[in-house]
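Understanding the architecture of this molecule
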Amino acid sequence: MTHILVAGGGIGGLATALAQARAGHRVTVLEGRPGFTEIGAGIQLAPNAFRALADLGVRDGVTARADFIDALHFMNGITGEQITAMPLTGAYRARFGNPYAVVHRADLHRTLLDGCRGAGVELLGGQRVTHYTQPGARVVAHTAAGARFTADVLLGADGLRSSVREQLVGDGPPRVSGHTIYRSVIPMSEVPESLRARAVTLWAGPAWHFVHYPIGGGAYLNLAATRDDRATEELTGVPASRAHVRAEFDRLADRASRLLELGRDWRTWVLCDRDPVETWVDGRVALLGDAAHPMLQYAAQGACMALEDAVTLGSLLRCADEDIPRRLEEYNVVRRERTARTTLTARWMGAELYHPAGTRAEDRDALLSGHSTARLHDAVAWLHGGGDEGGGT
């Protein structure tokens with residue numbers, strides 16, 4: 001039986017482990033933290049994510065915990081006027097074959113973790129992979145705890161600061177975007193009825209934007225406010241005061257401002273990504289998810305791309321005893337262009353859609369307001385369709 005090692009027990013790592021276990025392989029996940037938990041708040045799942053979740057056998061479990069969204073609303077964050085809205089029911093679901101939803105990150109992680117346990121995946125905490133060696137036709141993962149794990153394949157899903165990537169690609173630290181995001185989750189019971197909606201709503205302003213949507217079966221409201229503040233140092237989950245967050249977004253339109261005021265226990269991150277690279281593979285070692293192609297959140301596709309990676313690897317390694325390095329190289333070729341395009345599109349969206357000012361913002365408003373529903377669906381078809389349709393950004 002082929003033995004697969006997965007470095008990292010986040011969403012991408014667990015999805016990959018589940019895909020390999022469903023393919024009939026022995027799978028061991030090596031997670032650096034003592035336990036298998038997930039931090040963070042809400043994430044968006046487009047139809048391409050639900051297609052991958054169905055392939056992994058956990059679509060129903062995620063569906064039970066998700067909030068299905070009727071529309072994406074794009075608002076002028078200063079005037080409060082709606083620029084455009086993209087309906088996500090009816091024609092959208094018919095075209096892409098799946099819904100658009102939001103889910104708490106921990107709920108998605110828990111569903112994948114339950115799937116791995118049910119599939120017999122070995123889950124080992126406190127085993128952060130530091131490097132690997134490849135003696136002969138095997139690969140050995142070395143951990144910070146001093147352990148060595150020998151297998152047929154090592155799949156690096158160890159995130160933005162991946163040790164596996166550092167050895168395989170060697171491109172240094174991630175790129176600091178200069179954008180700071182503030183996140184909060186509040187009980188929906190504290191939100192006035194007039195401010196509730198089954199929608200993802202984005203308020204765009206000069207060098208900032210604010211997004212909110214329901215999660216947890218509608219029990220909570222996820223708030224995420226981002227500033228292009230030229231930050232130069234990474235921050236991860238650092239507390240921020242309500243007064244500070246409010247001051248950073250003092251020009252918000254009234255309705256959005258009322259929602260921002262409700263936020264509490266704010267935490268802040270400085271967003272990072274990496275430039276796309278040609279190669280994620282070294283013999284019997286491959287990267288996936290944020291270890292391979294970390295991206296900014298503006299296309300709402302980071303988790304979706306990791307799920308797609310997992311399914312592709314599961315398919316290509318189904319007969320893993322047949323020339324593993326060649327199959328990993330094929331995975332690299334299959335996934336490289338799509339993930340690179342998504343990474344660069346996310347950057348473009350932040351600069352050209354979410355954060356422009358002055359005449360550039362006016363030009364954006366005029367462009368987007370002139371799009372029909374069909375044209376908006378065409379624009380996301382290449383992404384939400386899972387790569388099966390064309391379309392522009």
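The sections below set out a description of the structure shown in this document. Nothing here was measured: the structure is a model prediction, and the numbers come from that model.

Comments concerning the overall build of the chain
From N to C terminus, the chain includes twelve helices and 20 strands. On C-alpha atoms alone, the chain measures out to a radius of gyration of 21 Å, which is about the 21 Å that the 2.2 N^0.38 rule sets for 393 residues. Overall size of the chain, expressed as C-alpha extent along the three principal axes, is 65 × 45 × 40 Å. Across the 393 residues that make up the chain, the buried fraction comes to 55%. The contacts in the chain between residues at least 6 apart in sequence include a share of 74% that link residues at least 24 apart. Carbon and sulfur atoms provide 49% of the accessible area of the chain, an area that totals close to 15,500 Å².

Here we look at the sheet that holds strand E4 (residues 67–68)
Read from one edge of the open sheet, three strands run E3-E7-E4, paired in antiparallel fashion. Of all strands in the sheet, those bounded by a partner on one side alone are strand E3 (42–45) and E4. Here E4 pairs with strand E7 (residues 101–104) via two bridges, running antiparallel. From the neighbouring strand, Phe-68 faces E7, where its bridge partner is Ala-101. Here helix H2 (residues 47–55) sits on the sheet and contacts E3, E4 and E7; the angle it forms with E3, its principal contact strand, is near 85°.

Side note on the pattern of salt bridges
The full count for this structure, using the stated rule, is 23 salt bridges. Where Arg-138 meets Asp-152, a salt bridge forms, and the shortest distance between an N and an O atom there is 2.8 Å. Placement of Arg-138 in the loop between strand E9 (129–133) and strand E10 (139–143) and of Asp-152 in the loop between strand E11 (148–151) and strand E12 (153–156) is noted, with a sequence separation of 14 residues between them. For Arg-338, the salt bridge identified is with Glu-308, shortest N-O distance 2.8 Å. With Arg-338 in helix H10 (residues 324–354) and Glu-308 in helix H9 (residues 302–316), this pair connects stretches of sequence that are 30 residues apart. Salt bridges sharing partners connect three or more residues here, namely Arg-175, Asp-273, Asp-275 and Arg-347.

Re the pairing of E11
Only one face of E11 is buried: it carries Phe-149 and Ala-151, and the other face, with Arg-148 and Thr-150, is open. The hairpin turn running from E10 into E11, its antiparallel successor, is four residues long, and Gly-146 in that turn takes a positive phi close to 90°.

A short note on the sheet that holds strand E8 (residues 122–124)
Pairing is mixed in the open sheet, where six strands are placed in the order E8-E2-E1-E12-E20-E19. Strand pairing shows two members of the sheet lacking a second neighbour, E8 and strand E19 (281–282), which therefore form its edges. Of the pairings in the sheet, the one linking E12 to strand E20 (residues 285–287) comprises three bridges and is parallel in character. By the bridge assignment for E20, Gly-156 is matched with Leu-287. Contacting E12, E19 and E20, H10 runs over the sheet at an angle of about 15° to E20.

Description of the state of the cysteines
In this structure the tally under the stated criterion is zero disulfides. Here Cys-116 is not cross-linked by a disulfide; its sulfur's nearest cysteine counterpart is in Cys-304, at 18 Å. For Cys-116, a relative accessible area of 0% puts it in the buried group. You can call Cys-304 buried: its relative accessible area is 0%.

Brief notes about the side chain of His-384
Tracing the sequence through the fold places His-384 in helix H12 (residues 373–384). A distance of 2.7 Å separates the side chain of His-384 from the side chain of Tyr-92, its partner in a polar contact. Setting aside anything within four residues of it in sequence, one finds His-384 in contact with Ala-46, Pro-47, Asn-48, Met-86, Tyr-92, Phe-96, Tyr-100 and Gln-301.

Description of H9
End to end, H9 covers 21 Å across 15 residues, agreeing with the expected 21 Å (1.5 Å per residue, within 8%). For H9, the complete set of buried residues consists of Ala-303, Cys-304, Met-305, Ala-306, Leu-307, Glu-308, Asp-309, Ala-310, Thr-312, Leu-313, Gly-314 and Leu-316.

Side note on unusual backbone geometry
Across the chain, the bulk of peptide bonds are trans and the bulk of non-glycine residues have phi less than zero. Despite not being glycine, Arg-230 shows a phi value in the positive range, around 65°. With respect to the helices and strands, the residue Arg-230 is situated in the loop between strand E16 (220–228) and strand E17 (238–240). Residue Arg-230 is classed as exposed on the basis of its relative accessible area, which comes to 60%. Positive phi, close to 50°, is recorded for Asp-265, a residue that is not glycine. By secondary structure assignment, the location of Asp-265 is in the loop between helix H8 (254–262) and strand E18 (266–273).

As for the environment of Trp-208
Mapped onto the fold, Trp-208 is located in strand E15 (residues 208–215). Among the residues examined, Trp-208 registers a relative accessible area of 3% and is labelled buried. Every residue in contact with Trp-208, bar those within four places of it in the chain, is listed here: Gly-77, Ile-78, Trp-203, Thr-226, Arg-227, Phe-249, Arg-251, Leu-252, Tyr-354 and His-355.

Thresholds applied
Residues numbered from 1 in each chain as written. Predicted model: local features only at pLDDT ≥ 70, side-chain atom pairs only at ≥ 80, totals over all residues. Heavy atoms only, no water. Helix = DSSP H or I, 4+ residues; strand = E, 2+ residues; numbered from the N terminus. Rg over C-alpha atoms; globule rule 2.2 N^0.38 Å. Buried < 20%, exposed > 50% of the residue type's maximum accessible area, 1.4 Å probe, protein only. Contact = heavy atoms within 4.5 Å. Areas by Shrake-Rupley, 256 points an atom, 1.4 Å probe, with all protein chains shown as cover. Pairing = 2+ DSSP bridges. Axes fitted to C-alpha atoms, helices over the stretch in contact; angles between N-to-C directions. Salt bridge = Lys/Arg side-chain N within 4 Å of Asp/Glu carboxyl O. Disulfide = S-S within 2.5 Å. Polar contact = N/O pair within 3.5 Å; in protein donor to acceptor, adjacent residues only side chain to side chain. Expected span 1.5 Å × (residues − 1).

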